[in-house]
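# Chains, contacts and geometry: an overview
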Amino acid sequence: MSLIVLSVACVGFFLVQRACPHTGGQDNAFLSAWPSPVVPQGGHVTLRCHYRGVHKKPSLLALPGPLVKSGETVTLQCSSDTVFEHFFLHREVTLEEPLHLVGELHGGGSQAKYSINSTTSDFAGTFRCYGSFTHSPYVLSAPSDPLDIVITGLYEKPSLSAQPGPTVQAGENVTLSCSSRRSFDMYHLSREGEARELSLSAVPSVNGTFQDFPLGPATHGGTYRCFGSFRTTSYKWSHPSDPLPVSVTGNPSRSWPSPTEPSSKTGITRYLQVPIVIRYSVATIIFTILLFFLLRRWCSDKKNAAVMDQEPVGTEQ
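Residues numbered from 1 in each chain as written. Predicted model: local features only at pLDDT ≥ 70, side-chain atom pairs only at ≥ 80, totals over all residues. Heavy atoms only, no water.

Turning next to the sheet that holds strand 19 (residues 208-217). In space, the four strands of this open sheet follow the order 13-15-19-18, with antiparallel pairing throughout. Across the chains shown, the open sheet's two edge strands, defined by having one partner strand only, are strand 13 (159-163) and strand 18 (203-205). Direction aside, neighbouring strands of the sheet carry axes that sit 30 degrees apart on average. (Pairing = 2+ DSSP bridges. Helix = DSSP H or I, 4+ residues; strand = E, 2+ residues; numbered from the N terminus. Axes fitted to C-alpha atoms, helices over the stretch in contact; angles between N-to-C directions.)

Shown next, in the form of structure tokens:
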């Protein structure tokens, strides 16, 4: 509990420092507890201080890719334009210590690699990496973008079909349906050449489960596969379905929608959704600006009150 309070206090300090740049204090910072803010009695915890803007985030890649077939090897590569001497590879939502990697010079920057074989280690999950220097090992860079590593091939493959069919006219609505006799909780649709997948909850049926993925009006073809998974092991997926090539005849006018951003079923629905998104965005910006100026006003009043308290009171003649 004390660690959580300490982290909240550090974040609050960061907000006040941003809003009150002339009231003094140290560099903007926040704390993290590794491996977790929840520590069993007698366990060890490391507090690390992160300074915003000081060191920009490194990048984290999976080679050859984040979907790893069971039994194969994946290499995690953390790299940066900054010459970091150390990298820390951290798997989220675990009690494991971050893995320390020694940074090596690479193209004017630095990088570190770590290879894992999926048969000898249960490594699936969400990873981030951080950079640091020898002279300040507990001051870390901003975290890399999260990288989800998924093991595939653990369950029997689902089937994938297209409605109205795998060959459609340009502009015709296309829906891909993934189904299985297994009671999967989730289905994941991937498109060849895309870095991410679209995931939706499974729908129960008489013969198992299924899920429909509406892709909207067809413009360009592509090759699709789908996977099934369970909520309790969300990073462990089935074998991929047989590849489903979708071809489009006619003269396409724009690019095929990505499975991560399925288009609306009709143009009218998409048109009606745009103003709502804009209104929410504007409201969020206005609220942020208002909060910033309120904090500045509060800090200014506090500073003026402190100055008045320090002024000497004149004596009556």
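Glancing now at the pattern of salt bridges. Under the defined criterion, the tally for this structure stands at nine salt bridges. Here R191 makes a salt bridge to E194, at a shortest N to O gap of 3.7 Å. A relative accessible area of 15% places R191 in the buried class. (Salt bridge = Lys/Arg side-chain N within 4 Å of Asp/Glu carboxyl O. Buried < 20%, exposed > 50% of the residue type's maximum accessible area, 1.4 Å probe, protein only.)

A few words now on the nonpolar core. One finds L160, L176, L189, F213 and Y224 to be the most contacted residues of the largest nonpolar core, which totals 21 residues. Among the secondary structure elements, those contributing two or more residues to this core are strand 13, strand 15 (173-180), strand 16 (186-191), strand 19, strand 20 (222-230) and strand 22 (244-249). By size, the runner-up hydrophobic cluster in this structure holds 20 residues, among which are V74, L101, I116 and I151. (Core = buried A, V, L, I, M, F, W, Y, C linked by side-chain atoms within 4.5 Å.)

An order of 3-5-9-8 is seen for the four strands of this open sheet, with the pairing classed as antiparallel. Each end of this open sheet is capped by a strand with a single partner; those strands are strand 3 (59-63) and strand 8 (104-106). Each strand of the sheet is rotated relative to its neighbour by a mean of 35 degrees, with strand direction disregarded. Where strand 5 (residues 73-80) and strand 9 (residues 109-117) come together, eight bridges link them in antiparallel fashion. Of the residues in strand 9, the one forming a bridge with L76 is Y114.

With respect to burial, strand 12 (residues 147-152) is a largely interior element, five of its six residues being buried. Inspection of the sheet shows strand 4 (residues 67-69) paired to strand 12 by three bridges, in the parallel sense. Bridged to L67 within strand 12 is V150. Examined bridge by bridge, strand 10 (residues 125-132) and strand 12 share three bridges and lie antiparallel to one another. Among the inter-strand pairings, G125 is bridged to a residue of strand 12, identified as I149.

This brings us to the state of the cysteines. One covalent bond between the sulfur atoms of two cysteine residues makes up a disulfide. Taken as a whole and judged by the stated rule, the model has two disulfides. Paired through a disulfide, C178 and C226 show a sulfur-sulfur distance of 1.9 Å. Because the sign of the S-S torsion sets the handedness, a value of about 70 degrees for the bond joining C178 and C226 places this disulfide among the right-handed ones. One end of the pair, C178, is in strand 15; the other, C226, is in strand 20, and 48 residues separate them in sequence. Taken individually, C178 and C226 each receive the classification buried, so the pair is uniform in this respect. (Disulfide = S-S within 2.5 Å.)

Attention now goes to the layout of surface pockets. What the largest pocket holds in volume is close to 1000 Å³. Taken together, 36 residues line the largest pocket, and the ones lying closest to its centre are P66, L67, A195, R196 and E197. A class-by-class count of the residues in the lining of the largest pocket yields 17 nonpolar, ten polar and nine charged. Each of domain 1 (59-151) and domain 2 (156-249) accounts for three or more of the residues forming the lining of the largest pocket. (1 Å grid on protein atoms, 1.4 Å probe; cavity = no way out; pocket = protein on both sides within 12 Å on 5 of 7 lines; lining within 4 Å. Points joined across faces, edges and corners; volume = space filled by probe spheres on them. Nonpolar A, V, L, I, M, F, W, Y, C, P; charged D, E, K, R; others polar. Domains from an automatic or database assignment.)

Moving on, we come to the side chain of Q111. Of note, Q111 is situated in strand 9. Each residue touching Q111, except ones within four places of it in the same chain, is listed here: Q77, C78, S79, F87, V102, G103, E104 and H106. (Contact = heavy atoms within 4.5 Å.)

Before going further, it helps to examine unusual backbone geometry. Cis geometry is found at the peptide bond from L63 to P64, where omega equals 10 degrees. The topology assignment puts P64 in the loop between strand 3 and strand 4. Here the bond from Q163 into P164 is cis, since omega is 10 degrees, no more than 30 degrees from zero. Assignment of secondary structure puts P164 in the loop between strand 13 and strand 14 (167-169).

The next point concerns the packing of aromatic side chains. One pass over the full model with this rule turns up seven aromatic pairs. On the basis of an interplanar angle of 45 degrees and a centroid distance of 5.1 Å, the ring pair of F184 and F230 is categorised as tilted. With F184 in the loop between strand 15 and strand 16 and F230 in strand 20, this residue pair connects regions lying 46 residues apart in the sequence. Taken individually, F184 and F230 each receive the classification buried, so the pair is uniform in this respect. Linked through ring pairs, Y155, F184, Y187 and F230 together constitute an aromatic cluster. (Phe/Tyr/Trp six-rings, centres within 6.5 Å; stacked < 30°, edge-to-face > 60°.)

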